[in-house]
Amino acid sequence: MLHFYFNKNLIFLIESKFFPILSYKSQVKITPHYSVKTAANLSYRIYGEAARDGDQSPILLLHGLLGCKKHWDSIGKTMMNVTKRSVLSVDLRNHGDSPHMNSHKYEDLTADILKLYEKLNIEKAYLVGHSMGGRASMSVSLLAPLKVAGLLIIDISPTSTARDFSEGLPTVLAAMKKVNFKKHKSIKEAKEDTRKELENTINNELLLKAVLSNVKMKSDHTIGWACNLDILIRHFKYISSFPKSLRKKTYYGPTLFIGGQLSDYLPPDDLPSIREMFPRAVITYIPQTGHNIHVEDPKTFLELVIAFMKSQE
């Protein structure tokens, strides 16, 4: 089987001999680090039927910080049509239409996702996660490996954190905190004024659009942020780093990391430490893309995802 491997400047085509698939019974001892009973009931959207084929594991799409499930609409529909699997996009806690909770650790996100599994009677699923959603996906695979058919991680590493993430995003969150929506009477007006207020702080148009997508009319008929900004600020230290307790665990299932060639979020040098947790990990980079590769080059991204899915059939 042939697979493409990229570094930041070169593309290598090599013959891939995957690591042997070991019996989970001999390799996995699950120690609960989460409580499904206290987990959040996540909001989600299904593309296709809820259960198209009992033998076909569904695909769960998990967004990054300040994202939401609707950002996956186009990609989710295409994945569903091509793979013939059910595809679900999910609002993680403290985002979109999911509940605001007083904690935002990856163990919390894991419990929420596993509660969604139970609610929808999902035995096993493929997890596709971008940035924070990628780390949440990795967390699920390490804490509940039998629940994960395969991992596809978009431009994030479990062992290092890009400066744009650790230093840039706190500045964005702080700027969002200063926005005053009381004078606005419509969402359109609020978004226009908020764009003007934040565009000097946020010079990335894709990130600015993601931030503005959080402006919404709340249940009390006031305009505000859809995300739980206070908790995201307070617990940012947990979001910006992968739990040390999970770094000693291992997920032996098929794993593909896709990075942006122009991004610093997934350094090629991290591959050895990544393979300590994910022995079958393959890393590939999409040329001329940054952190939001699925938005910047959806065609190439989908080609990689679909090839990965088909290789598991």
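Nothing here was measured: the structure is a model prediction, and the numbers come from that model.

Cut-offs and rules
Residues numbered from 1 in each chain as written. Predicted model: local features only at pLDDT ≥ 70, side-chain atom pairs only at ≥ 80, totals over all residues. Heavy atoms only, no water. Axes fitted to C-alpha atoms, helices over the stretch in contact; angles between N-to-C directions. Helix = DSSP H or I, 4+ residues; strand = E, 2+ residues; numbered from the N terminus. Parallel < 35°, antiparallel > 145°, perpendicular 65-115°, else oblique. Contact = heavy atoms within 4.5 Å. Nonpolar A, V, L, I, M, F, W, Y, C, P; charged D, E, K, R; others polar. Pairing = 2+ DSSP bridges. Salt bridge = Lys/Arg side-chain N within 4 Å of Asp/Glu carboxyl O. Buried < 20%, exposed > 50% of the residue type's maximum accessible area, 1.4 Å probe, protein only. Expected span 1.5 Å × (residues − 1). Core = buried A, V, L, I, M, F, W, Y, C linked by side-chain atoms within 4.5 Å. Phe/Tyr/Trp six-rings, centres within 6.5 Å; stacked < 30°, edge-to-face > 60°. Lys NZ or Arg CZ within 6 Å of the ring centre and 35° of its normal. Arc of directions from axis to C-beta.

**Student:** Explanation requested: the packing of helix α3 (residues 106–119) against helix α4 (residues 132–143) in the structure shown.
**Tutor:** Describing two packed helices takes the angle between their axes plus the distance from one axis to the other. Contact geometry for α3 and α4: axes closest at 9 Å, N-to-C directions at 75 degrees. Between α3 and α4, the angle falls in the class roughly perpendicular. Residues Y106, E107, L109, T110, I113 and L114 of α3 touch α4, and the partners they reach there are M132, R135, A136, S139, V140 and L143. Of the residues in the contact of α3 with α4, the class split is eight nonpolar, two polar and two charged.

**Student:** Where do I start with the sheet that holds strand β10 (residues 255–260) in this structure?
**Tutor:** Paired through backbone hydrogen bonds, the strands of a sheet run either parallel or antiparallel to each other. Spatial ordering of the open sheet is given by β3-β5-β4-β6-β7-β10-β11, a layout of seven strands whose pairing is mixed. Bordering the open sheet on either side are β3 (44–47) and β11 (281–286), each of which pairs with just one other strand. On average, each strand axis in the sheet is inclined to that of its neighbour by 20 degrees, with strand direction left out of account. The pairing of β10 with β11 spans six bridges and is parallel. Within β11, the position partnered with F257 by the bridge is I283. Strands β3, β4 (59–62), β5 (87–90), β6 (125–130) and β7 (148–154) of the sheet are contacted by α3, whose axis makes an angle of about 145 degrees with β4.

**Student:** Looking at this structure, I do not really get the pattern of salt bridges. What am I missing?
**Tutor:** One pass over the full model with this rule turns up nine salt bridges. A salt bridge links R163 to E167; the nearest nitrogen and oxygen atoms lie 3.8 Å apart. Pair noted here: R163 and E167 are both in helix α5 (residues 163–177), with a separation of four residues, about one helical turn. By relative accessible area, R163 is classed as exposed at 60%.

**Student:** I'm lost on α3 in this one. Help?
**Tutor:** At 3.6 residues per turn, the α-helix brings residues three or four places apart onto the same side. Compared with the 20 Å implied by 1.5 Å per residue over 14 residues, the 20 Å span of α3 between its first and last C-alpha is a close match. In terms of residue burial, α3 counts as a mostly covered element, since 12 of its 14 residues are buried. Those residues of α3 lying buried are Y106, E107, D108, L109, T110, A111, D112, I113, L114, K115, L116 and Y117.

**Student:** It is not clear to me how the nonpolar core should be interpreted in this structure. Could you clarify?
**Tutor:** Nonpolar side chains tend toward joint burial in soluble globular proteins. Among the nonpolar cores identified, the biggest contains 65 residues, and M176, W225 and F278 are the most heavily contacted of them. Sequence-distant contacts of W225, that is, excluding residues within four places in its chain, are made with M176, V179, F181, T194, L198, V211, N214, V215 and K218. Counting 24 residues, the second largest nonpolar core, distinct from the first, contains Y47, I75, I154 and I293.

**Student:** In this structure, what is going on with the packing of aromatic side chains? I would like to understand it.
**Tutor:** Think of a pair of aromatic rings as described by two things: how far the centres are apart, and how the planes are tilted against each other in angle. Applying the stated criterion across every chain, the model contains six aromatic pairs. Measuring from ring centre to ring centre gives 6.3 Å for Y106 and F242, while their planes differ by 40 degrees; the resulting arrangement is tilted. Residue Y106 is located in helix α3, and its partner F242 is located in the loop between α9 (236–239) and β10; the two are separated by 136 residues in the primary sequence. For Y106, a relative accessible area of 2% gives the class buried. According to the relative accessible area criterion, F242 is buried, its value standing at 2%. Look at Y251 and F278: their rings are 6.5 Å apart centre to centre, the planes differ by 65 degrees, and that puts the pair in the edge-to-face class. Of the two residues, Y251 is situated in the loop between α9 and β10 and F278 in the loop between α10 (271–277) and β11; the sequence distance between them amounts to 27 residues. Taken individually, Y251 and F278 each receive the classification buried, so the pair is uniform in this respect. The cationic tip of K105 hangs over the ring face of Y238; the distance from NZ or CZ to the ring centre is 4.6 Å. Over the ring of F165 we find R135, and its NZ or CZ is 5.8 Å from the ring centre.

**Student:** Looking at this structure, I do not really get helix α12 (residues 298–311). What am I missing?
**Tutor:** Here α12 contains 14 residues, and its C-alpha end-to-end distance of 20 Å stays within 8% of the 20 Å for a straight helix at 1.5 Å per residue. Here α12 has its buried residues at F301, L302, V305, I306, F308 and M309. Angular distribution of buried residues about the axis of α12 spans 160 degrees; they occupy a single face of the element. Opposite the packed face of α12, turned more than 90 degrees from it, sit the exposed residues K299 and K310.

**Student:** Got a minute to help me understand the pairing of β6 in this structure?
**Tutor:** On a regular strand, each side chain points to the face opposite its neighbour's, so the side chains alternate between the two faces of the sheet. The element β6 is extensively covered by neighbouring structure, given that six of its six residues are classed as buried. Examined bridge by bridge, β4 and β6 share four bridges and lie parallel to one another. Considered in β6, the bridge of L61 is made with V128. As paired elements, β6 and β7 share six bridges and run parallel to each other. Counterpart to Y126 in the pairing with β7 is G150.

**Student:** Before we go on, may I ask you to explain the environment of L62 in this structure?
**Tutor:** With respect to the element layout, L62 can be found in strand β4. The class of L62 is buried, set by a relative accessible area of 0%. In the structure, L62 is positioned 67 residues away from G129 in sequence and 4.5 Å away in space, judged by C-alpha atoms. Setting aside its immediate chain neighbours within four residues, L62 contacts W72, V90, L92, I113, V128, G129, H130, G133 and S137.

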